[in-house]
Amino acid sequence: MRVDVFTIFPDYLAPLELSLIGKARGTGALDLRATDLRDFTHDVHRTVDDTPYGGGPGMVMRPEPWGQALDTVLTPSSLLLVPSPAGRRFDQAMAHELALEEHLVFACGRYEGIDQRVLSHASGVCRVQEVSLGDYVLFGGEVAVLVVLEAVTRLLPGVLGNADSLLEESHAAGLLEAPMYTKPAEWRGHGVPEILRSGDHAKIARWRRDQALLRTAQQRPDLLKQCYDTLDKRDLATL
Ligand SMILES: NC(=S)c1ccno1
């Protein structure tokens, strides 16, 4: 997967050189390029913003640098993602959708946002999607890029050492995952559920399913409601 990120703070994306994302870049699973938007300015101050038409507080990102920057990467097969509080709520289902894309381009807005004509013009070239991490406002889109790219990259083939990890994790099949334990068997007076040390894989699987159902019912009843029709009689007996 090819990913282009345009930002006035490329250093904000340094964490994308670490851990499994850094490894994915090394193997070529992820071809990530971060570019400074100011490279597409032509004045001595490398200006990327200006006052908003219609007045009001703050500054708006000028369309010219964005237009020239996006001209260098957008093709009809690109998906332009613009982090924004007004965007589609990002979730695991969207992460799976994005993991199938061949080219993601992120436009990281700052200040009061990007001149709307940039998105309008780009929509004549490729698909454009505003995306939101949640109903709150950040200083800019860079943090959202870190989150989205981590969630998407771990879904790419070969990135996770054991792809089975994706099968039972939270939100994989609509439920939260069961609680996990490791050695020692006794820690500060707390033991480990005996079933997990029984070696009976069928019973362990059932216990984990039950715990996932109960945990979801307790902490995210909204998720349980969404996947209720997929539950079988044994699941319902647990609830
Ligand atoms: N909620 C999101 S993703 C955002 C981007 C910029 N400000 O808030």
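None of these values were measured; they are calculated from a predicted model.

K.L.:
Please clarify how the pattern of salt bridges should be interpreted in this entry.
P.N.:
Two side chains of opposite charge can pair, provided their charged atoms sit close to one another. The final tally for this structure, using the stated rule, is 13 salt bridges. Of the charged contacts in the structure, one is a salt bridge between aspartate 115 and arginine 117, with a shortest N-O distance of 2.7 Å. Between aspartate 235 and arginine 209 there is a salt bridge, with the nearest N and O atoms lying 2.8 Å from each other. With aspartate 235 in helix 9 (residues 233-238) and arginine 209 in helix 7 (residues 201-219), the pair connects residues that are 26 residues apart, well separated along the chain. Residue classification places aspartate 235 among the buried residues on the basis of a relative accessible area of 2%. Put simply, Arg206, Arg209, Asp210, Arg234 and Asp235 are held in one network by salt bridges that share partners.

K.L.:
Where do I start with the layout of surface pockets in this structure?
P.N.:
A probe as big as a water molecule, rolled over the atoms, marks out the empty space that is left. The volume enclosed by the largest pocket comes to roughly 450 Å³. Lining of the largest pocket is provided by 24 residues; of these, Pro83, Ser84, Pro85, Glu112 and Gly113 occupy positions nearest its centre. If one sorts the elements of the lining of the largest pocket by residue count, strand 5 (residues 79-89) sits on top with 4 residues.

K.L.:
I would appreciate a short explanation of the site of the ligand in the present structure.
P.N.:
Close contacts around the ligand come from Pro83, Ser84, Pro85, Val131, Ser132, Leu133, Gly134, Tyr136, Val137, Leu138 and Gly140, and that covers them all. In the environment of the ligand, a nitrogen atom lies 3.0 Å from a nitrogen or oxygen atom belonging to the backbone of tyrosine 136. Here a nitrogen atom of the ligand and a backbone polar atom of leucine 138 are 3.0 Å apart. When the free accessible area of the ligand is taken as 260 Å², the share hidden by the protein chains comes to 96%. Here the ligand occupies the largest pocket. Of all the elements in the fold, those that place two or more residues in the shell around the ligand are strand 5 and strand 7 (127-132). Here the shell around the ligand gets 3 residues from one element, more than from any other, and that element is strand 5. When its residues are assigned to classes, the shell around the ligand shows 7 nonpolar, 4 polar and no charged.

K.L.:
Can you help me understand the nonpolar core in this one?
P.N.:
Soluble globular proteins tend to bury their nonpolar side chains together. Counting residues in hydrophobic clusters, the biggest one holds 31 residues, and the most contacted among them are Val3, Val5, Leu81, Phe90, Leu98, Leu104 and Phe106. Counting residues per element, the ones that place at least two in this core are strand 1 (2-7), helix 1 (19-27), strand 5, helix 3 (92-99), strand 6 (103-107) and helix 5 (142-153). Once residues within four sequence positions are removed from consideration, valine 3 is found in contact with Leu30, Asp31, Leu32, Arg33, Leu104, Phe106 and Leu149.

K.L.:
What am I meant to see in the packing of helix 3 against helix 5 here?
P.N.:
Between two packed helices, what matters for the description is the angle formed by their axes and the separation of those axes. Contact pair helix 3 / helix 5: the axes reach a minimum separation of 8 Å and the direction vectors enclose 70 degrees. Classified by the interaxial angle, the pair formed by helix 3 and helix 5 is roughly perpendicular. Residue-level contacts link Ala95, Leu98 and Ala99 of helix 3 to Val148, Ala151 and Val152 of helix 5. For the contact of helix 3 with helix 5, a count of residues per class yields 6 nonpolar, no polar and no charged.

What counts as what
Numbering of residues starts from 1 in each chain and follows the order in which that chain's sequence is written. At least 70 in pLDDT is required for a residue's local features to be given in this predicted model, at least 80 for side-chain atom pairs to be given and counted, and no such filter applies to totals for whole chains, interfaces and linings, which use all residues. With hydrogens and water set aside, each side-chain value is computed from the structure's full complement of heavy atoms. Salt bridge, as used here, is a side-chain nitrogen of Lys or Arg placed within 4 Å of a carboxyl oxygen of Asp or Glu. In this description a helix means any DSSP run of H or I spanning at least four residues, a strand means any run of E spanning at least two, and both kinds are numbered starting from the N terminus. Throughout this description, buried means an accessible area under 20% of the type-specific maximum (1.4 Å probe, protein chains only), exposed means over 50%, and partly exposed covers the range between. In this analysis, the protein atoms alone were mapped onto a 1 Å grid. Cavities are point sets where a 1.4 Å probe fits without being able to get out; pockets are open sets with protein on both sides within 12 Å along at least five of seven lines; lining residues have an atom within 4 Å of a point. Grid points are joined across faces, edges and corners, and a volume is the space filled by probe spheres set on the points. A molecule or strand has a residue near it when one of that residue's heavy atoms lies within 4 Å. Side-chain atoms alone can form a polar contact between residues adjacent in sequence; in general such a contact is a pair of N or O atoms within 3.5 Å, and within protein one must be able to donate a hydrogen while the other accepts it. Per-residue and other accessible areas were derived by the Shrake-Rupley procedure at a 1.4 Å probe size, with only the shown protein chains allowed to occlude residues. Here the criterion for a molecule occupying a pocket or cavity is that more than half of its atoms lie within 2 Å of the pocket grid points. Asp, Glu, Lys and Arg are counted as charged, while Ala, Val, Leu, Ile, Met, Phe, Trp, Tyr, Cys and Pro are counted as nonpolar; the rest, among them Gly, fall into the polar class. In this text, buried Ala, Val, Leu, Ile, Met, Phe, Trp, Tyr and Cys residues form a nonpolar core when linked through side-chain atoms within 4.5 Å. Here, residues are in contact when the closest pair of their heavy atoms is within 4.5 Å. Between N-to-C directions, angles span 0 to 180 degrees; the directions come from axes that are lines fitted to C-alpha atoms, helices contributing only their stretch in contact. Oblique is the label for any angle not under 35 degrees, not over 145, and not in the 65 to 115 range, which are roughly parallel, roughly antiparallel and roughly perpendicular in turn.

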